[in-house]
Structure formats: structure tokens, C-alpha cells
Amino acid sequence: MEKFTVLRSTAVPLPVEDVDTDQIIPARFLKATTKEGFGQNLFRDWRFHADDSPKSDFILNNPVYTGKILIAGKNFGCGSSREHAAWALTDYGFKAVVSSFFADIFRGNALNNGLLPVQVSSAFLHQLFLAIEKDPHTAFEIDLEAQTIGIPALGVQEQFPIDPYKKVCMLNGYDDIDYLLSLNEQIEAFESEKSAR
């Protein structure tokens, strides 16, 4: 995985609550065994008509809104436990998703795949949506070390929670195996000390 330290980017607003994993990536696209290519079918049924022509009124088809941050409504990632939802979001190019609540399994899948779920208060989420509505080119900053998300131009920010272990992994670009390998010297020292007794 890529290291995640500080992300500065514009954002794509999706002010819809209860977005489930089947809406993020429909079940009919889950046949692939690798993570690549899922981005093209992200929000497939919301983005495209049955004839595969783009729906002009869907936010991802509006060139005004771009960025590596998706700001979504409450209860994002509910529904089934499919990891493919995180794959689709990252393959499309998102590095972080912001919401006032995430489904637990989606949160875990996101963190395991280098996608940062940033949970904020309902009031701050509303403030983020208002900022984009006023100016679609508003820049946001997510600082993982400080665990803050903010709008630099407005001087506002809020802290967000993250599991300490997953924070270490994301800051260093580790998956679970990489994390264990990073402890190799400590493990060898422990084993040597144990053998010397």
C-alpha cells in the first residue's frame, strides 16, 4: 500500500445517506479475482443508463467535481461485507472517504486497502458539504498523524478517530504482513535473548 500522511485535495460530494456496498459496486461485477478494474464500475447503476451512456445528473459525471476525497452522507458502506467496495473506490482514485458514520465492516475493509475512512460529526459534515456547494474547488486537508480534517482557507478543522494499529499501518504503507516484517529485528532480539537463558 501507499503511505498516507497528509492529503490535500478537492472533494466529490455525495450527500446521500445509507449508501450500501451494492450501490458502491453492484454484485454482478464481483467476478474478478484481482483488485484492478473495479473503479470503472463504481456506482455503476447510479453513473450509467442501461445502454452504458453516462447519467449527466450523477456527481461523478460532473467535471466540476474532482478530487481524491469522497464526502458522503451518514452510514456509508452499509449492507454486505464485500471488500470489493473498497477496491472500487481506491481503483477509481479516492484516497479517503468522509462521513458521519461508517459500517464497521466497510471501515475495516477500507483501512486494509489503503482507503482512509474519516468519521466526523454531523455538524462538521454539513459544513464540508456547504463549503463545496459554495465553491466546488475548495481544498481540504487530511492529516493522518494529527488525525484532523480541515478546510485551510476557512481555518476550520475537526479531529477524527482511527484504530492506533491501523494508523501505524497507513502511515507506513503496511499491510498486516508488512507490519510483522517491520518488527523482524525486535522478534530476532527476543528470540536470541530467550535462547541465551
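Our structure is the block above this text.
Residues numbered from 1 in each chain as written. Predicted model: local features only at pLDDT ≥ 70, side-chain atom pairs only at ≥ 80, totals over all residues. Heavy atoms only, no water.

Asker: Got a minute to help me understand the side chain of asparagine 113 in this structure?
Answerer: With respect to the secondary-structure elements, asparagine 113 resides in the loop between α4 (104–112) and β5 (116–119). A distance of 2.8 Å separates a polar atom in the side chain of asparagine 113 from a polar atom in the side chain of glutamate 83. Here the side chain of asparagine 113 touches asparagine 109 through a polar contact of 2.7 Å, landing on its backbone oxygen. (Helix = DSSP H or I, 4+ residues; strand = E, 2+ residues; numbered from the N terminus. Polar contact = N/O pair within 3.5 Å; in protein donor to acceptor, adjacent residues only side chain to side chain.)

Asker: Would you mind showing me how to read the pairing of strand β7 (residues 148–151) here?
Answerer: Each regular strand carries side chains that alternate between the two faces of the sheet. In β7, alternate side chains face the same way, and those of Thr148 and Gly150 on one face and Ile149 and Ile151 on the other are all buried. With three bridges connecting them, strand β6 (residues 140–143) and β7 associate as antiparallel partners. When the sheet's bridge partners are listed, isoleucine 142 is paired in β7 with isoleucine 149. In this sheet, strand β8 (residues 156–159) lies alongside β7 in antiparallel orientation, the contact comprising four bridges. In the strand pairing of β8, threonine 148 is matched with glutamine 159. (Buried < 20%, exposed > 50% of the residue type's maximum accessible area, 1.4 Å probe, protein only. Pairing = 2+ DSSP bridges.)

Asker: What is the right way to look at the sheet that holds strand β3 (residues 69–72) in this model?
Answerer: By definition, the strands of a sheet pair up through backbone hydrogen bonds, in either a parallel or an antiparallel sense. Pairing within the open sheet is parallel, and its four strands lie in the order β2-β3-β4-β5. Taken across any chain shown, the strands that pair with only one partner, and hence form the sheet edges, are β2 (11–14) and β5. Neighbour-to-neighbour, the strand axes of this sheet turn through a mean angle of 20 degrees, independent of strand direction. The pairing of β3 with strand β4 (residues 96–99) spans three bridges and is classified as parallel. Bridging across to β4, leucine 70 finds its partner in valine 97. (Axes fitted to C-alpha atoms, helices over the stretch in contact; angles between N-to-C directions.)

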